[in-house]
Amino acid sequence: MTVEKLNRQRVLHLLDAFARGDLEAALACCTEDVDFLTHAPIDVLPHMVPRHGKQQLRELWQTIWSRYSEVRYKARHIVAEADQVATYMHTYFRKRSNDRIVQFDMAVFYSFRGGLVAEIREIIDSYDLVQQVLEREIGPLIVGQRTD
């Protein structure tokens, strides 16, 4: 099996473990010094600050699971080259507070070292995500219109 196919399977294993809430199995796919960065508005999603190391990543994932009761994803595209894997996914998170589904697209890039994920970089459609998390249209706020 090529390193690309193996790393592709490793990413799917990590995603499947996270989606079923098995955070320890997902963390077992990562290096001790795993580095996580997402491009998301941290003023609205303060838990999405950069994280370094398994413990900080565990804390992030625990926060996510404390807010959402279900996580699903559809990996529409996965491209692997050597120790790099890129995914384009549509994700679904069910809010614990009211059972609403938050769904958004994201691109996630993984870098491997020694067969483990050493870096995770996410790019999220944050405009759409923020509207769903806040459960309100934010366009009028951005252009200075009243939202009575």
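For the structure itself, look to the data block above.
Everything numeric in this text was worked out from a predicted model, so none of it was measured.

Undergrad: Describe in detail the overall build of the chain, supporting the description with residues and values.
TA: Across its full length, the chain holds five helices and six strands. Beginning at the N terminus, the succession of helices and strands in the chain can be written as α-α-β-β-α-β-β-β-β-α-α. Long-range pairs, those at least 24 residues apart, make up 48% of the contacts in the chain between residues at least 6 apart in sequence. Of the roughly 8,100 Å² of accessible surface on the chain, a fraction of 51% belongs to carbon and sulfur atoms.

Undergrad: Could you give an account of the nonpolar core, with specific residues and numbers?
TA: Nonpolar side chains tend to gather and get buried jointly when the protein is soluble and globular. Leu57, Trp61, Tyr110 and Ile120 are the most contacted members of the largest nonpolar core, which totals 38 residues. Counting residues per element, the ones that place at least two in this core are α1 (3-19), α2 (23-27), β1 (30-39), α3 (54-67), β3 (68-81), β4 (84-95), β5 (101-113) and β6 (116-124).

Undergrad: Let's hear about the pattern of salt bridges: which residues, and what values?
TA: Counting across every chain of the model gives eight salt bridges. When the shortest N-O distance is used, the salt bridge between Arg121 and Asp35 registers 2.7 Å. A residue pair is termed long-range when its members are at least 10 positions apart, and Arg121 in strand β6 and Asp35 in strand β1 qualify at 86 residues. Look at the salt bridges and you will find they share partners, linking Asp35, Glu119 and Arg121 into a network.

Undergrad: Describe α1, naming the residues involved and giving the relevant values.
TA: Taking 1.5 Å per residue as the helical rise, α1 with its 17 residues ought to reach 24 Å, and the 24 Å between its terminal C-alpha atoms agrees with that figure. Those residues of α1 not exposed but buried are Asn7, Val11, Leu14, Leu15, Ala17, Phe18 and Ala19. Just beyond α1, the residue with positive phi is Gly21, at close to 85°.

Undergrad: Lay out the sheet that holds β4 with the relevant residues and their values.
TA: Sheet architecture is open: six strands sit in the order β2-β1-β6-β5-β4-β3, paired in mixed fashion. Of all the strands in the sheet, just β2 (51-52) and β3 have a single pairing partner and so form its edges. Where α1 meets the sheet, its contacts fall on β1, β3, β4, β5 and β6, and the angle it forms with β3 comes to roughly 170°.

Undergrad: Let's hear about the packing of aromatic side chains: which residues, and what values?
TA: Per the counting criterion, the structure on display carries four aromatic pairs. Seen from their ring centres, Phe18 and Trp65 are 6.2 Å apart, and the 65° between their planes marks the pair as edge-to-face. One end of the pair, Phe18, is in helix α1; the other, Trp65, is in helix α3, and 47 residues separate them in sequence. With relative accessibility at 14%, the residue Trp65 sits in the buried group. Aromatic ring contacts, followed pair by pair, group Phe18, Trp61 and Trp65 into a single cluster. Above the face of the Tyr92 ring, Arg72 is positioned so that its terminal group lies 4.5 Å from the ring centre.

Reading guide: rules and limits
- Residues numbered from 1 in each chain as written.
- Predicted model: local features only at pLDDT ≥ 70, side-chain atom pairs only at ≥ 80, totals over all residues.
- Heavy atoms only, no water.
- Helix = DSSP H or I, 4+ residues; strand = E, 2+ residues; numbered from the N terminus.
- Contact = heavy atoms within 4.5 Å.
- Areas by Shrake-Rupley, 256 points an atom, 1.4 Å probe, with all protein chains shown as cover.
- Core = buried A, V, L, I, M, F, W, Y, C linked by side-chain atoms within 4.5 Å.
- Buried < 20%, exposed > 50% of the residue type's maximum accessible area, 1.4 Å probe, protein only.
- Salt bridge = Lys/Arg side-chain N within 4 Å of Asp/Glu carboxyl O.
- Expected span 1.5 Å × (residues − 1).
- Pairing = 2+ DSSP bridges.
- Axes fitted to C-alpha atoms, helices over the stretch in contact; angles between N-to-C directions.
- Phe/Tyr/Trp six-rings, centres within 6.5 Å; stacked < 30°, edge-to-face > 60°.
- Lys NZ or Arg CZ within 6 Å of the ring centre and 35° of its normal.

Purely spatial values, then, with no claim about function.
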